[in-house]
Amino acid sequence: MIIKTTALVVSNELVAENIYRMEILSPEISRNAKPGQFINIKISENFDPFLPRPFSIYNTIEDKIQIIFNAIGKGTKILSTFKAGASINIFGPLGRGFNIADEFDIAVVVAGGLGIAPFPFLTKILKEKNKKIISFVGAKTKNQIVTDGLENIKIATDDGSLGYKGTIIEFLKSNILNMNLTSSLSTFKIFGCGPNPMLKALVNLCNELKINCEISVETQMACGTGLCRGCAVRSKDGNYKLACKDGPVFNSNEIILW
Amino acid sequence: MVKTEVTIGKLKIKNPVLVASGTFGYGDELLGTVDISKLGGIVTKSLTLKPKIGNPPPRIAETPCGMLNSIGLENIGVDKFITEKLPVLRNYDTAIIVNIAAKRVEDYCEIIKRLEDAEGVSAYEINISCPNVKEGGLEFGTNLSMTAKIVKETRKITDKTLIIKLTPNVTRISDFAKVCKEEGADAVSLINTVVGMAIDIKTRKPKIASITGGLSGPAIKPIAIAKVFEVFKNVDIPIIGIGGITTWEDAVEFMIAGAKAVQVGTANFVDPTVSLQIISGIIRYCEENEIFDVNEIVGSIVLDSPQV
């Protein structure tokens, strides 16, 4: 069930450099959402920007949902000006979220930059299922690191201002190799989200080590519901899948990253 | 009580608001969210004889007050539509207008033949104006003799209402509407998208993979109004107006320019329930202006000075 509603903004706060976390009152979406799903927000009544903007559900807290965004584009800059008490047009929950029903004991969450967006919600649900969670969070610099709601956090920054100096995937690889995992790799599952170069490196690593991996992808998107067929992603079978409906979460061997 | 029924050829629709091809899937995608039986009708995504996987991504790019798309007629093919979609759709009290695209005249005819044997099709909209496929799109819709041939041949296959969807990417759209009428079409729908292009200045690459795409959304509305009015002035054929309609005011504007009905397109991507709001807005407009029948609005444009 997709819910279309005008909801109340409960809070909208700066949590890192140019990064905002917005809390929206929406009992129905909060109740129905699954980790990895997203909502669409209609930014402007005046058609500019025209298309709605998709945001991963960062977390659900009782009747509220949270999103996180970097105020860099036209839409997100407008969104950053929304104050508590404002009303906002939202539509969701949309898309296919993470599969947490398969066999694994340890969840490894890998986030690049704002790729952290779906993971506090996933972490909450995984904890309810008594899974062990390790979180790898990477960003360009320490001012852009957000880790609220994550567990067992390991950080990498490109400039070395916090944690490991280098990419999050290099850091992840050295950690996995040092874990002395004799034959237990199959009990791991990796959940990744972030920019495409990072996801590509992650998928290569998971293929190399034969680790089950799901990634949440980001594409240009219009409707968010499958109506427009605009957010096509190449699938391994030579067809296309839709990021909005078949994804945004895909198993790493389902699709070909671009 | 405002009379909202309008007639397009042999097709009676309960109100003048349809959802445009390619913007509402096959009509069954959002049944839990949008009550499609309140719509005048649904125009399906373009169907081809064989399924098509569509164009490579990126397929869309947002532009000021609109978007470019190049989906490339991705669709399940006519046979699957008949077996999987029509049985669901015909349970709803709304007109099902099937949009058809093809590379060859014979294929247009074959698709209609197959649909004629199925139950639940209210009318056909012939797409001769898709800007995003190599053959069968603009190549047909920008050529008067090809347009004539397609209308003539498809007309032979069906008695149902035949609507020809026209492109604005021509010098005089009314010449095309005239040919459609002469060859027996019941109506024309206009406009399809306007050929457009956008470039990412950082990478210097086109924003969509097929380089050019079709521009839609409020950005093209004034173009569409001008084309509707041109056809209305010059050709006596029912017009379905399309192009950037997002509010009831837009719909009324198209009707004043001469459209008997309208299609809501890209706005469905922003809010898939927008057509229902447009319908109630049109009714409210009629009530407030003591208009008893929406047909009174059609072509009611007021021109003060003699036209040049």
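In this report, we go over the structure that sits alongside the text. Everything quoted here is computed from the prediction, not taken from an experiment.

## Digging into unusual backbone geometry
Trans is the prevailing form of peptide bonds, just as negative phi is the prevailing case for residues other than glycine. At the junction of D48 of chain A and P49 of chain A, the peptide bond is cis and its omega measures out at 5° in the coordinates. For P49 of chain A, the location among the structural elements is in the loop between β3 (38-42) and β4 (53-56). The linkage connecting L190 of chain B with the following residue, I191 of chain B, adopts the cis geometry, with an omega of 10°. The residue I191 of chain B is located in the loop between β10 (187-190) and β11 (194-197) in this model.

## Things to note about the pairing of strand β14 (residues 212-216) of chain B
All names here are of chain B. Counting buried residues in β14 gives 4 out of 5 residues, a clear majority hidden from the surface. The pairing of strand β6 (residues 66-69) with β14 spans 3 bridges and is antiparallel. Opposite L68, over in β14, you have L215 as the bridge partner. As paired elements, β11 and β14 share 4 bridges and run antiparallel to each other.

## What about the environment of D79 of chain B?
Along the polypeptide, D79 of chain B turns up in helix α1 (residues 78-89). Residue class for D79 of chain B comes out partly exposed when judged on the 15 C-beta atoms lying within 10 Å of it.

## Quick word on the sheet that holds strand β9 (residues 161-165) of chain B
Residue and element names in this part refer to chain B. Strands sit in the order β3-β4-β7-β8-β9-β10-β15-β16 around a closed barrel of 8 strands; the barrel is parallel. Between one strand axis and the next, the sheet turns through 25° on average, direction left out of account. Relative to strand β16 (residues 261-264), strand β3 (residues 17-19) runs parallel, the two being bridged by 3 bridges. Following the sheet pairing, V19 is matched in β16 by V264. Where helix α9 (residues 274-288) meets the sheet, it contacts β3 and β16, and its direction lies at approximately 170° from that of β3.

## Describing the packing of helix α6 (residues 221-234) of chain B against helix α7 (residues 248-257) of chain B
Residues and elements named next belong to chain B. Running from N to C, α6 and α7 point in directions that differ by 25°, and their axes come no closer than 8 Å. Viewed along their axes, α6 and α7 adopt a mutual orientation that is roughly parallel. From α6, K221, I225, V228, F229 and F232 reach across to α7, where they touch D250, E253, F254 and A257. Class assignment of the residues belonging to the contact of α6 with α7 gives a composition of 6 nonpolar, no polar and 3 charged.

## What about the nonpolar core?
By size, the foremost hydrophobic cluster in this structure holds 181 residues, and its most contacted members are I39 and L202 of chain A together with I163, V188, V228 and V262 of chain B. No other element matches the 7 residues that helix α5 (residues 196-209) of chain A contributes to this core. Excluding residues within four positions of it along the chain, V188 of chain B makes contact with I163, I164, L166, A177, C180, V231, I237 and I239 of chain B.

Here is what the cut-offs are and how they apply
- Residues numbered from 1 in each chain as written.
- Chains lettered and ligands numbered in written order.
- Predicted model: local features only at pLDDT ≥ 70, side-chain atom pairs only at ≥ 80, totals over all residues.
- Helix = DSSP H or I, 4+ residues; strand = E, 2+ residues; numbered from the N terminus.
- Buried ≥ 20, exposed ≤ 12 C-beta atoms within 10 Å, placed from the backbone.
- Pairing = 2+ DSSP bridges.
- Axes fitted to C-alpha atoms, helices over the stretch in contact; angles between N-to-C directions.
- Contact = placed C-beta atoms within 7 Å.
- Parallel < 35°, antiparallel > 145°, perpendicular 65-115°, else oblique.
- Nonpolar A, V, L, I, M, F, W, Y, C, P; charged D, E, K, R; others polar.
- Core = buried A, V, L, I, M, F, W, Y, C linked by C-beta atoms within 7 Å.

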